[in-house]
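Coordinates in review
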Amino acid sequence: GPATNVTWTRDGKAVSGGNFTATRRLDDPVTATYTLTLSVTGRQGGVYRCQVAKRGPGVSGNPVISSMELEVKVASPPTDFTAEQVNETTVRISWTPPASKESVTGYRIYYMATDSQGARGEYVTMNVNASETSCKLIHDLQAGLNYSFTMVALSEHLP
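An account of the accompanying structure is given in this report. (Residues numbered from 1 in each chain as written. Predicted model: local features only at pLDDT ≥ 70, side-chain atom pairs only at ≥ 80, totals over all residues. Heavy atoms only, no water.)

Focus on the overall build of the chain
Just so we agree on the cut-off: Helix numbers and strand numbers start at the N terminus; a helix is a DSSP run of H or I with at least 4 residues, a strand a run of E with at least 2. Throughout, exposure labels follow a simple rule: accessible area from a 1.4 Å probe, protein chains only, divided by the maximum for the residue type, with under 20% read as buried, over 50% as exposed, and the rest as partly exposed. The method behind every accessible area is Shrake-Rupley, applied with a 1.4 Å probe, and residues are considered shielded solely by the protein chains displayed.
For the chain, the helix and strand inventory stands at zero helices and twelve strands. For the chain, the succession of helices and strands along the chain, N to C, is β-β-β-β-β-β-β-β-β-β-β-β. Out of the 159 residues belonging to the chain, those deemed buried represent 24%. Looking at the chain as shown, the accessible area adds up to about 10,600 Å², and 49% of this sits on carbon and sulfur atoms.

What follows is the structure, encoded as structure tokens:
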């Protein structure tokens with residue numbers, strides 16, 4: 001059949017790394033389900049657009065192009081992320097919101113304890129509203145354990 005062209009852009013500039021797969025239901029030879037994937041890593045927030053176009057035969061030899069477009073807003077990560085010990089069981093997490101905050105709906109902090117032998121605990125998550133201050137206290141930590149902290153900005157497409 002005709003080739004399907006898939007293009008990804010971020011803030012109007014072409015990006016690579018996306019992939020496209022199509023699957024058809026056996027009981028419906030006309031309808032296809034399309035999966036569009038683009039991996040976003042690091043500080044690559046912005047407005048992503050994907051366009052899928054397929055050229056097919058038309059009437060009187062004029063080709064028909066069917067296309068669809070998808071827009072996804074990805075939040076940039078916060079910067080200047082720090083964890084400061086307040087006392088034996090409390091840590092203050094602080095950060096600077098990303099410069100482009102329009103797609104940020106909130107933040108998620110992940111933390112995990114590690115004991116002196118390297119045994120890890122379970123990840124704990126804490127959600128922070130985007131309109132709150134840019135610091136959060138984490139209470140009830142266990143004295144004598146090491147903790148690792150990670151933070152991500154959330155957007156409508158990363159709940």
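Now, onward.
Examining the sheet that holds strand β10 (residues 124-129)
Whether parallel or antiparallel, the strands of a sheet pair through hydrogen bonds between backbone atoms. Our working rule: One requirement defines pairing of two strands: DSSP has to find at least two bridges between them. Helix axes are fitted only over the stretch in contact, all axes being lines through C-alpha atoms; the angle between N-to-C directions runs from 0 to 180 degrees.
Taken in spatial order, the three strands make up an open sheet running β10-β9-β12, and their pairing is antiparallel. Where the open sheet ends on each side, the last strands, each with one partner, are β10 and β12 (146-154). Neighbour-to-neighbour, the strand axes of the sheet open up by a mean angle of 20°, direction not taken into account. Relative to β12, strand β9 (residues 106-114) is paired through nine bridges, and the arrangement is antiparallel. Residue Ile-109 lies in a different strand from β12, and its bridge partner there is Met-151.

Regarding the environment of Arg-92
What counts, and what does not: Contacts are assigned to residue pairs with any non-hydrogen atoms lying within 4.5 Å of each other.
Structurally, Arg-92 is set in strand β8 (residues 90-96). Through-space distance from the C-alpha of Arg-92 to that of His-139 is 8.9 Å; in sequence the pair is 47 residues apart. The residues contacting Arg-92, other than those within four sequence positions of it, are Thr-82, Ala-83, Glu-84, Val-86, Cys-135, Lys-136 and Leu-137.

Some points on the packing of aromatic side chains
Applicable threshold: Note on ring pairs: Phe, Tyr and Trp rings are taken, using the six-membered ring of Trp, and paired if centres are within 6.5 Å. Classes follow the plane angle, with under 30 degrees stacked, over 60 edge-to-face and the rest tilted.
All told, the structure shown has five aromatic pairs when counted by the stated rule. Three or more aromatic residues joined by ring pairs make a cluster, and in this case those are Tyr-111, Tyr-147 and Phe-149.

Quick notes on the side chain of Arg-108
We count it as follows: By the criterion applied in these results, polar contacts are pairs of N or O atoms within 3.5 Å in which, for protein atoms, one can donate a hydrogen and the other can accept it, and in which residues neighboring in sequence qualify only through two side-chain atoms.
Within the secondary structure layout, Arg-108 lies in strand β9. Side chain to side chain, Arg-108 and Asn-127 meet in a polar contact 2.7 Å long.

Some remarks on the nonpolar core
Under the convention used in this document: Among buried residues, those of type Ala, Val, Leu, Ile, Met, Phe, Trp, Tyr and Cys that are joined through side-chain atoms within 4.5 Å constitute a nonpolar core.
Of all hydrophobic cores here, the largest spans 14 residues; its most connected members are Ile-93, Tyr-107, Ile-109, Ile-138 and Phe-149. Listing elements by their share of this core, those giving two or more residues are β8, β9 and β12. Every residue in contact with Tyr-107, bar those within four places of it in the chain, is listed here: Pro-78, Trp-95, Pro-97, Pro-98, Met-126, Asn-127, Val-128, Ala-130, Met-151, Val-152, Ala-153 and Leu-154.

Section: the pattern of salt bridges
Side chains that carry opposite charge are capable of pairing whenever their charged atoms lie near each other. To keep things clear, this is the line we draw: Definition used for salt bridges: Asp or Glu carboxyl oxygen within 4 Å of a side-chain nitrogen of Lys or Arg.
If you walk through the whole model with that rule in mind, you get one salt bridge. For Glu-84, the salt bridge goes to Arg-92, with nearest N and O atoms at 3.6 Å. Given the relative accessible area of 44%, Glu-84 is considered partly exposed.

Comments concerning the environment of Cys-135
Within the fold, Cys-135 resides in strand β11 (residues 135-138). Between the C-alpha atom of Cys-135 and that of Ile-93, which follows or precedes it by 42 residues, the distance is 5.4 Å. Once you skip the residues sitting within four places of it in the chain, Cys-135 turns out to touch Arg-92, Ile-93, Ser-94 and Trp-95.

Observations regarding the side chain of Thr-90
Structurally, Thr-90 is set in strand β8. Side chain to side chain, Thr-90 and His-139 meet in a polar contact 3.4 Å long. With sequence-adjacent residues up to four places away left out, Thr-90 is seen in contact with Glu-84, Gln-85, Leu-137, Ile-138 and His-139.

Description of the pairing of β8
Note: strand β7 (residues 79-87) against β8, six bridges, orientation antiparallel. Its bridge partner being in β8, Thr-79 is matched across the sheet by Thr-96. In this sheet, β11 lies alongside β8 in antiparallel orientation, the contact comprising four bridges. Looking across to β11, one finds that Ser-94 is bridged to Cys-135.

Function cannot be read off these values alone, since they describe shape.
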